[in-house]
Amino acid sequence: MASTSPETSPLDRLDTSALPRHLAVIMDGNGRWAKSKGWRRVRGHEEGAESVRVVVRSCRKLGLEALTLYAFSEENWARPKAEVEALMRLLGRFLKSERQEMIDRGIRLRASGSVERLPAKTRQLLEQIMADTAQGEHMVLNLALSYGGRQELVRAARRLAVKAVAGKLSPDDIGEAELENELYTVGLPQVDLLIRTSGELRVSNFLLWQIAYAEFYFTDTYWPDFREEELAKALMAFGGRERRFGQTGEQLKGDDA
Ligand code: FPP
């Protein structure tokens, strides 16, 4: 097995000129990981929180501008109460334990989603740490919490309608930039790479607008096993993609005669 000591981190092999600016991850497979070992599902979430720490640290080290993690979807509220409570507890623990490191490393915490649905204690902690890290200039860690892509687009449409009704915005002036301004992710670069773990090949209502030109990377690895080596593989694959944004390969090479 490849060593993951700091000197020989698999991330050191990456071509840093070909990294995504904004990486988004659907962290899937915590439950299956735990079940495959005969453990409770929550154990999978606990180990998944460890992967979150590793991936956040690695992305910061590599100099990515933004990392968005699908930590809790709108649909996840329908899970058994005990599991929802465990996830909220884990989130709180993560926020408390990572606060100082985020401040020290210039990581700014943001959230996407209807965070007003979170338990008051969790929401207050989240808001406190977003305020504490607001000066962070090196990377944005955007946690998608109580998030749904369709719900985000409906919210944006409503906010535009409110402005239009108030006479602050003419419907004719509504374009992509105006809609983007109403998304939770306002100010962040478009998603360049979307990773989904655990072998599922779905988008599951995640960042529907923001992934318009994203490269997709799917792996069978369960999220709790997704550490530096797996991240390096995904970033390596991204580096090898030709991103055409609707143009031809020849145009991009300046050879379109
Ligand atoms: C999907 O696995 C994962 C989630 C619904 C939650 C993600 C949460 C974490 C990674 C841990 C806590 C988060 C933070 C930010 C500290 P699943 O339960 O759907 O797995 P399964 O498909 O195998 O059942």
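Structure's up top.
Below is a short write-up of the structure. Everything quoted here is computed from the prediction, not taken from an experiment.

Some words on the sheet that holds strand E6 (residues 215-218)
Piece 1. The strand order across the open sheet built from six strands is E3-E4-E2-E1-E5-E6, with neighbouring strands paired in parallel fashion. The sheet is open, and its two borders are formed by strand E3 (107-112) and E6, each paired with just one other strand. The sheet shows a mean angle of 20° between the axes of neighbouring strands, direction not considered.
Piece 2. Bridging between strand E2 (residues 66-73) and strand E4 (residues 139-147) involves seven bridges; their strand directions are parallel.

Brief notes about the packing of aromatic side chains
Piece 1. Overall, the coordinates contain eight aromatic pairs when judged by the stated rule.
Piece 2. Residues Phe216 and Phe218 carry aromatic rings whose centres are separated by 6.0 Å and whose planes lie at 85° to one another, so their mutual orientation is edge-to-face.
Piece 3. Look at Phe218 and you get partly exposed, because its relative accessible area is 32%.
Piece 4. Relative to Phe226, the ring of Trp223 has its centre 5.3 Å away and its plane inclined at 15°; by these criteria the two rings are stacked.
Piece 5. Phe226 gets classed as buried once you look at its relative accessible area, which sits at 0%.
Piece 6. What links up through ring pairs into an aromatic cluster is the set Tyr70, Tyr147, Tyr184 and Phe206.
Piece 7. The aromatic ring of Trp39 is capped on one face by Arg43, whose charged end is 3.8 Å from the ring centroid.

A closer look at the side chain of Asp192
Piece 1. Inspection of the secondary structure puts Asp192 in the loop between helix H6 (176-180) and strand E5 (193-196).
Piece 2. By relative accessible area, Asp192 is classed as buried at 11%.
Piece 3. A polar contact of 2.7 Å, which involves the side chain of Asp192, links it to the backbone nitrogen of Arg21.
Piece 4. Contact partners of Asp192, with chain neighbours within four places excluded, come to Pro20, Arg21, His22, Ala214, Glu215, Phe238 and Arg243.

A closer look at the nonpolar core
Piece 1. Judged by nonpolar contacts, the single largest core of 44 residues is most densely connected at Leu23, Leu67, Leu69, Leu95, Leu141 and Ile195.
Piece 2. Tallying contributions element by element places helix H3 (residues 81-104) first for this core, with seven residues.
Piece 3. Among the nonpolar cores identified, the runner-up in size contains twelve residues, and Ile26, Ala144, Tyr147 and Val191 belong to it.

A word on unusual backbone geometry
Piece 1. Despite not being glycine, Ser146 shows a phi value in the positive range, around 50°.
Piece 2. Inspection of the secondary structure puts Ser146 in strand E4.
Piece 3. Phi is positive for Asn205, close to 65°, though the residue is something other than glycine.

Regarding H3
Piece 1. The end-to-end C-alpha distance of H3 is 35 Å, a good match for the 34 Å that 24 residues give at a rise of 1.5 Å each.
Piece 2. At Glu98, H3 is deflected by roughly 45°, the largest bend along its length.
Piece 3. Those residues of H3 that fall on the buried side of the exposure criterion are Glu83, Val84, Ala86, Leu87, Met88, Leu90, Leu91, Gly92, Phe94, Leu95, Glu98 and Met102.
Piece 4. The inward-facing, buried residues of H3 contact helix H2 (41-62), E2, E3, helix H4 (120-132) and E4.
Piece 5. Where H3 terminates, the next one or two residues include Gly106, which has phi positive at roughly 70°.

Some details on the pattern of salt bridges
Piece 1. In the structure shown here, the tally under the stated rule is 21 salt bridges.
Piece 2. A salt bridge links Arg21 to Glu65; the nearest nitrogen and oxygen atoms lie 2.7 Å apart. Note that Arg21 is positioned in the segment before strand E1 (22-26) and Glu65 in the loop between H2 and E2, a separation of 44 residues in sequence.
Piece 3. Take Arg21: its relative accessible area is 45%, and that puts it in the partly exposed class.
Piece 4. Notably, a salt bridge pairs Lys163 with Glu182, separated by 2.5 Å at the nearest N-O pair. In this pair, Lys163 sits in helix H5 (residues 149-165) while Glu182 sits in the loop between H6 and E5, placing the two residues 19 residues apart along the sequence.
Piece 5. Judged by relative accessible area, which is 35%, Lys163 ranks as partly exposed.
Piece 6. The class of Glu182 is buried, set by a relative accessible area of 4%.
Piece 7. Through salt bridges that share partners, Glu50, Arg53, Arg57, Glu98, Glu101 and Arg105 make up one connected network.

Calculation rules
Residues numbered from 1 in each chain as written. Predicted model: local features only at pLDDT ≥ 70, side-chain atom pairs only at ≥ 80, totals over all residues. Heavy atoms only, no water. Pairing = 2+ DSSP bridges. Helix = DSSP H or I, 4+ residues; strand = E, 2+ residues; numbered from the N terminus. Axes fitted to C-alpha atoms, helices over the stretch in contact; angles between N-to-C directions. Phe/Tyr/Trp six-rings, centres within 6.5 Å; stacked < 30°, edge-to-face > 60°. Buried < 20%, exposed > 50% of the residue type's maximum accessible area, 1.4 Å probe, protein only. Lys NZ or Arg CZ within 6 Å of the ring centre and 35° of its normal. Polar contact = N/O pair within 3.5 Å; in protein donor to acceptor, adjacent residues only side chain to side chain. Contact = heavy atoms within 4.5 Å. Core = buried A, V, L, I, M, F, W, Y, C linked by side-chain atoms within 4.5 Å. Expected span 1.5 Å × (residues − 1). Bend = angle between axes of the 7 residues up to and from the residue. Salt bridge = Lys/Arg side-chain N within 4 Å of Asp/Glu carboxyl O.

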